[in-house]
Structure formats: structure tokens, C-alpha cells
Amino acid sequence: MLGTSRCRLLSAASPMPRCRAFLSQYLRWSSAVTRAVTLCVVTFCVVLPLSCHRMLYSSFFLRSVYLDSMSDQALQESLERGRGALLFWQGASAAPPPSTASGYGGPELLVTVVTARRSEGRDFHYLLQVTRQLSVLLGGCGARPCAEVLVCDVESGHLENQDAKLLEAHFRVIRRSPAEQQRDRRERANTFEREKRDYVFCLRKGWELVQPRHVIVLEDDALPKPDFFSVVKELLSRRFARHTLYVKLYHPERLQRYWNPEPYRILEWVGLGLVGATALLLAAALWNHCSCSFSPSAGRLLFFTLYVMAAAELLGRHYLLEARRLSPQLYAVSPATECCTPAMLFPGNASLRVAEYLDGSFCAKGNAKDMVLYRMARTIAGERAHSVEPNLITHIGAFSSVRANPARPKLL
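*Asks:* Talk me through the pairing of strand β4 (residues 214-219); I want residue IDs and the actual numbers.
*Replies:* Walk down a regular strand and you will see the side chains alternate between the two sheet faces. Burial of β4 is extensive: six of the six residues sit out of reach of the surface. Burial of the side chains of β4 extends over both faces: His 214, Ile 216 and Leu 218 are buried on one face and Val 215, Val 217 and Glu 219 on the other. In this structure, strand β1 (residues 109-115) lies alongside β4, joined through six bridges in parallel fashion. Along β4, the bridge assignment pairs Leu 109 with His 214. Across four bridges, β4 lies against strand β8 (residues 343-346) in antiparallel orientation. Looking across to β8, one finds that Leu 218 is bridged to Ala 343.

Right under this line is the structure:
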């Protein structure tokens, strides 16, 4: 606006050549404004759109072009994994379930998988996929198992959960008594309250039977990543774990952006911009083959900070977080976010406190168990909750066992 106004003043007071001369001062290549505009146009209109148009969690993802095909491909891959898991467990040798622990001599870690029969998506065998992955990961722990697996079947309908039935030869499977199941059918609680009660039952029953030092609760469509147990071991070794109610091991990728109400992400975003801007300015200053000078200055630092921040947000924070998988020590721990409980770590006896808190709340639409836990951790004195990034599980559930399902599930 300043350049345009000045140009108009010059036009009224002097011939056209003087206006052209003034504009050329800003448009010539040696001008910092020209270089900055060119860099932004090339980056945000050419390089990033061409590089990121197939990246699901990038702002440049062409949803209308690729989402349907990518969703269909993900469903097909999950279906094949499910069939493979079914064949694996059908052919696996039966193993006697571990004996019930007593006192505090239980295993270091208990992994409880909460499952129910799915009326839709049965052929995907989510539970069998998850337990097969756990079996593979446990096989890599060495002579001493790093965890014990418990399957908690909360199906209360008249039909059996066939996948849980198949796993009885390989893991301990727990269920409510017939009288409790009959009572649940009579009460007809809403979906959110019933889901909460199932969760509480699995927390308490797992602790009662196994007496572990720490508890992880997975939903039956939470597929662990290959480094699942090594990262959990690293998390439990950190000081914060002794003073936390729970640690979330998953947060939806689409909600992992920098532009978010969570304050720590804004600080992380600004910090990334400053580090990236400093690196770019130093690299430019050392590159003496360019005819234009890039000496560091406050204005250039501000420009490149905003430039790096914009590039990171448009690229997608999810993809930057993936670099942390290089080592368990690089995983970040931050204050817990509100949404979702597919994978939760409860250090020490925190699972009993969580069960008590949930038992004292009634869940309904708008007040599901994840929201209750988030509120408890923020309002009860002495309680803290955390999240780990990047995710330790992949959420493979395209079909829910408790909610209405779309005719054609999508990745987003």
C-alpha cells in the first residue's frame, strides 16, 4: 500500500518515467522484497504442492483426487492382515495361559486388550491383528517376556465374540459372569456409559488377576508400532512417570497440527521457526558464490522464522514428528490432549484410581470417558496426565463396534 500510494503521488507530480523508476527499485532482483516474494511463491505455490499433494495429513493433500483410492487401499491392506492373522492363530500351537499372580510379584507390564464383537467389519479381525502384532513384539523381548497380555471380552449380546473365543488357547480371556451380562442387557445404558463401564471392568479385573507394576489398555483396533515396548520401557524410566495418572499413546494424526489451542505446540512451532531461520541465515551467509548478500538482520530473522513456521504447518506436523522414531529417547512427552483413548499407559497403580474416577461419573454424548479423564487430570489436586508423540499405535478400526458406521469408511 505504501509503494502504491507513493507511486500515485509521483504520477501526479512528475512524468510516468519517475513512477516506473520507483517501481523498478522494488522489483529488481537485488531487492530483498523481490527475493522474499519469489522464495514464497516458489515454495508455497510450486515445491510444496508438487511434493505434498499425496501426503494425507498435509494441507496440500488433494482430498478430492486421492482420498477415496487411499481409503480403499488401506481397507484392502487391513483385510489382508486380518486374514493372515486368522490363519496364524488357527495354526498356532496352543499355549497355557500364565498362572494368576499374587501379591506384588506380578509382571512388570500388563497389556489389556478390550474387545467386543463387531457386527460390521468382522472379516477384518482387528483383535487378531493386534494380538498377532503383540505376539511378534513379545517374541523380540528375549528370554524374559516384557509384558503379559490379557484379552478382556466385554461382549454382552447373545452372540459370541468368535475372535476372542479363538484366542482362549493362547491368552487369558476374561469376561463378565452370565449374571452380570444379563444385568447389563436389562439396564440398557447409553453407548458412552456402557463403554465406560466396560473400560472400568477391564481395568479392575486385570489388576485383580495379574497384579502388574504397570498397565497398558489397548482397544482392539489399536495396532502397536514395532518399537512399542522399547518406547514404553523408556517412558516408564523417566521421572514424570511416577507422578502421572495416565500417558496417552495415541492422538489422531489429523489433530496433531501446530495451529492448535494447546499452548506447548505454539511454543514448539515458534521455536522450530527460530531454529530453522537461524540455520537458513547462517547457511546463506556462508554461501559466498551468490551475488546477493544475505547478512543476518532482525528483519530477515523475522521473515525466515515466519517462512519456516508456515512451511512446517502446511507440510504437516505429523511428518516432522516421525523423525523422532530414530530412538526411544527422542519421543516427546507433553501435557495430555483431550480426545481419544485407543492406547493408554497407567503407571503403577494409577489404573485403580482411573477406575474409581470413572465410576463416579456418568458418561453420555458430549461427556465420554476420554473427556471425563481429561477433566479429572486437570481438576483433581496432585493428578497429572501426559501424551507421547509420535503415536505408538496405528488406529486401524474403520468399523466401530459401538457407533454407527459410514457406508464407505474414509481415512479422514
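Let's pick the thread back up.
*Asks:* Kindly report on the state of the cysteines, identifying the contributing residues and their values.
*Replies:* Considering all chains together, one arrives at three disulfides under this definition. The residue that forms a disulfide with Cys 141 is Cys 146, at a sulfur-sulfur distance of 1.9 Å. The residue that forms a disulfide with Cys 339 is Cys 340, at a sulfur-sulfur distance of 2.0 Å. The class of Cys 339 is partly exposed, set by a relative accessible area of 22%. Free cysteine Cys 45: the closest other cysteine sulfur is in Cys 40, separated by 9.0 Å. Using a relative accessible area of 55% as the deciding quantity, one classes Cys 45 as exposed.

*Asks:* So what's going on with unusual backbone geometry? Residues and values would help.
*Replies:* A cis amide bond, omega 0 degrees, links Glu 389 with the succeeding residue Pro 390. Within the element layout of this structure, Pro 390 appears in the loop between β9 (385-389) and β10 (393-395). The phi angle at His 125 is positive, at roughly 50 degrees, despite the residue not being glycine. Tracing the sequence through the fold places His 125 in the loop between β1 and α5 (126-139).

What counts, and where the lines are drawn
Residues numbered from 1 in each chain as written. Predicted model: local features only at pLDDT ≥ 70, side-chain atom pairs only at ≥ 80, totals over all residues. Heavy atoms only, no water. Buried < 20%, exposed > 50% of the residue type's maximum accessible area, 1.4 Å probe, protein only. Helix = DSSP H or I, 4+ residues; strand = E, 2+ residues; numbered from the N terminus. Pairing = 2+ DSSP bridges. Disulfide = S-S within 2.5 Å.

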